Amino acid sequence: MSGDNPLRLLTGALGREGRRRLVLLGMLTLVGGVAEFASLAALAALFRDWLGGTAADLPRTRLALFAGAVLVAAAVRLLLLAANQRLAFETGHRLLVAVQRRVLARDWQAHAEARSSGPLAAMELVEQWLFSGLMPVLQGASAAVLGAGILIGLLWVDPIAALAAGALLGGLFVLTTLLVRPALHRGSDTLGHDYEARVAAVQDHVGALRELILAGARGVAAERFRAIDRQLADNRTRLAILNGVPRILVESLGLVALALVAAWVAGRPGGLAAALPTLGALALGAQRLLPQLQAVSAAVNSWRATRGVQQRLAAMLAGPDLDGTARPTPLPFTDDIALEDVSFAYQGRAQPVLEGVSLTIRKGERVALVGRSGSGKSTLADLVMGLLAPDRGRLLVDGVALGGGNIEAWQRNVAHVPQAPFLADDSIARNIAFMDDAPDYVRIVQAARQVGLHELISGLPRGYETRVGERGQLLSGGQRQRLALARALYAPAPLLVLDEATSALDPQSEAHVLAALDALQAAGTTLLLIAHRPAILAGCDRLVRLEGGRAVEG
Ligand SMILES: Nc1ncnc2c1ncn2[C@@H]1O[C@H](COP(=O)(O)OP(=O)(O)OP(=O)(O)O)[C@@H](O)[C@H]1O
């Protein structure tokens, strides 16, 4: 599912199963078209046989045929309704999953540079596309086939009248569509961005509420949001109206067109009596054909109205999909990690953060990275963890160069605790056993004890089942850090990277953490610490200082 062609987006989103369903839907639609044709033809035949007769002469077989054809047509419509809805929701589901898979497939740098409002807005975009784009299109496609069946029925009954009706209705459809086309294009192009802007604004409110309160800027934020949503609401209103106009025109002018054809038919030689079968077919045609025409018109215009949304979704789907293969076995790590002449610059920045850094970290060592703010400590740690790739130079683990295929295998050796760790809005236990579908409570408690959190957690009314709130906001900064450290201890990895992960700890908590680090090192874990606090630095085997993009010992 790739490319920015919205049509490819549709077929790609369907997947193999969806395409099979689409073929079935097409076949069912054809049956529906035949049923529509049959009901019209049966009605005309009924009128023809009955012409001039009394109630007693009613040809019962013809009547039964007509009733049968109408019932079959109704049954097929019901099936079509169900098949259309199923296909649409299934496609929406697949599309959303596909977008999230691509969000998860991004590499670290792309993720850091991307706006998080995009993936969040994808949910709204998919809903919008589903209800205002795909569903009308599926209904319109069915309607086109059913409408063709009705028109063929009319052709069979009275070719000239059918051609006249077809030409008038077709002309009407083309005219009304052309009428709204430019305005629909204009409105739809900004729609995708408008949705993203709205999500981004809400994210700011949630993320920066403290700052907004203290700056007295809540009113400003509300006003900005009002303007963003006003624009979106106005645009959606305009598009909905533009979408509805052709439908109303097609319905009302279409009725007039069919009445004109009926009047012409009634005026032909033979008079009203000879025209009766055609008039009956036209009346039924009007009742059946106009809604189909409306649906086709809605489909064409809805597809245009959601063009901007389709383009945004297509852009989100343009990236690579998540690798579905099994997790690789960890890369052997028994000797050392070596950086050889490594240089790195962030995209769009002329100045490299690191230039010609060479450094060896032996297995089991505790190394501290120090240096001024912005000197590149986190960048170096990201390179060691394989989250970033060097522009020049290389990284070797036990002499094996990292790159391409073995990065994930290397990352299976790595645990990381950042300064502001991510905590899920879940229980303490589930945050320690993060992403573990079968949490081991013995290990959870052990990890919590090691970071000095067990007493505190045990004292809470719900203990380890206490929820930590969104991003852990029901805990203090130091508690969050220790919880993240407990997470790293729960699933120990040969290399543990702590990036200012102890900055919010009091001396007592720090003592706990130091003891935990000692135990880890004694068990053979390699520790790379970015830290400033003397107690943490004192326990390290080596200090590596970053200065002007270079690494110096001491
Ligand atoms: N994703 C990014 N894109 C562009 N530049 C970045 C990115 N991340 C960091 N930088 C820049 O790279 C430089 C090094 O940043 P880094 O976070 O590695 O420094 P640091 O030594 O860890 O700083 P601190 O001690 O303040 O955390 C900084 O100038 C920073 O602005």
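Chains are numbered independently. Their residues run from 1 in the order of the written sequence. With pLDDT at 70 or above as the cut-off, local features in this predicted model cover only qualifying residues; side-chain atom pairs require 80 or more to be listed or tallied, and sums for whole chains, interfaces and linings still use all residues. Note that water and hydrogens are dropped before the side-chain values are worked out from all heavy atoms of the structure.

- Under an unreviewed UniProt entry, the protein has the name ABC transporter ATP-binding protein and belongs to Sphingomonas rosea.
- UniProt positions are given in the numbering used here, feature names are shortened, and annotations may be inferred rather than shown by experiment. Quoted verbatim from the Subcellular location (unreviewed entry) field of UniProt, the annotation for the protein is "Cell membrane".

**Quick look at the sheet that holds strand β6 (residues 414–417)**
Right, on to step 1. Any two strands with at least two DSSP bridges between them are considered paired. Put simply, DSSP marks the helices as runs of H or I at least four residues long and the strands as runs of E at least two long, and each gets a number from the N terminus on. Spatially, the six strands line up as an open sheet ordered β6-β7-β8-β3-β9-β10, and their pairing is mixed. Across the chains shown, the open sheet's two edge strands, defined by having one partner strand only, are β6 and β10 (550–553). Shown here is a sheet whose adjacent strand axes are inclined to one another by a mean of 20 degrees, direction ignored.
Right, on to step 2. For strand β9 (residues 542–547) and β10, the ladder comprises four bridges, and the chain directions are antiparallel. The residue of β10 that forms the bridge with Arg545 is Val552.
Right, on to step 3. We call two residues in contact when some of their heavy atoms are within 4.5 Å. Helix axes are fitted to C-alpha atoms over the stretch in contact, other axes to C-alpha atoms as well, and angles between N-to-C directions run from 0 to 180 degrees. Along the sheet, helix α16 (residues 477–490) makes contact with β6 and β7 (495–499), crossing β6 at roughly 175 degrees.

**A closer look at the UniProt feature "transmembrane region" (unreviewed entry) in the protein**
Right, on to step 1. Within the UniProt annotation, "transmembrane region" (unreviewed entry) is assigned to residues 21–43, 63–83, 129–154, 160–180 and 248–266.
Right, on to step 2. Spanning residues 21–43, this segment combines 100% helix with 0% strand, and its end C-alpha atoms are found 33 Å apart.
Right, on to step 3. Split by type, residues 129–154 is 100% helix and 0% strand. Its first and last C-alpha atoms lie 35 Å apart.

**Some remarks on the site of the ligand**
Right, on to step 1. Proximity criterion: a residue is near a molecule or strand once any of its heavy atoms comes within 4 Å of it. Taken together, Tyr346, Arg349, Val353, Arg372, Ser373, Gly374, Ser375, Gly376, Lys377, Ser378 and Thr379 are the residues near the ligand.
Right, on to step 2. One of the side-chain nitrogen or oxygen atoms of Tyr346 is found 3.5 Å away from a nitrogen atom of the ligand.
Right, on to step 3. Arg349 is positioned such that a nitrogen or oxygen atom in its side chain is 3.4 Å from a nitrogen atom of the ligand.
Right, on to step 4. Working definition of accessibility: Shrake-Rupley area with a 1.4 Å probe, residue cover restricted to the visible protein chains. Its free accessible area being 640 Å², the ligand has 67% of it covered by the protein chains.
Right, on to step 5. In the shell around the ligand, the residues fall into two nonpolar, six polar and three charged. N or O atoms within 3.5 Å of each other form a polar contact, as long as, within protein, one can give a hydrogen and the other can take it, and as long as residues adjacent in sequence are counted only when both atoms are side-chain atoms. Each residue is assigned to one class: nonpolar for Ala, Val, Leu, Ile, Met, Phe, Trp, Tyr, Cys and Pro, charged for Asp, Glu, Lys and Arg, and polar for all the others, Gly among them.

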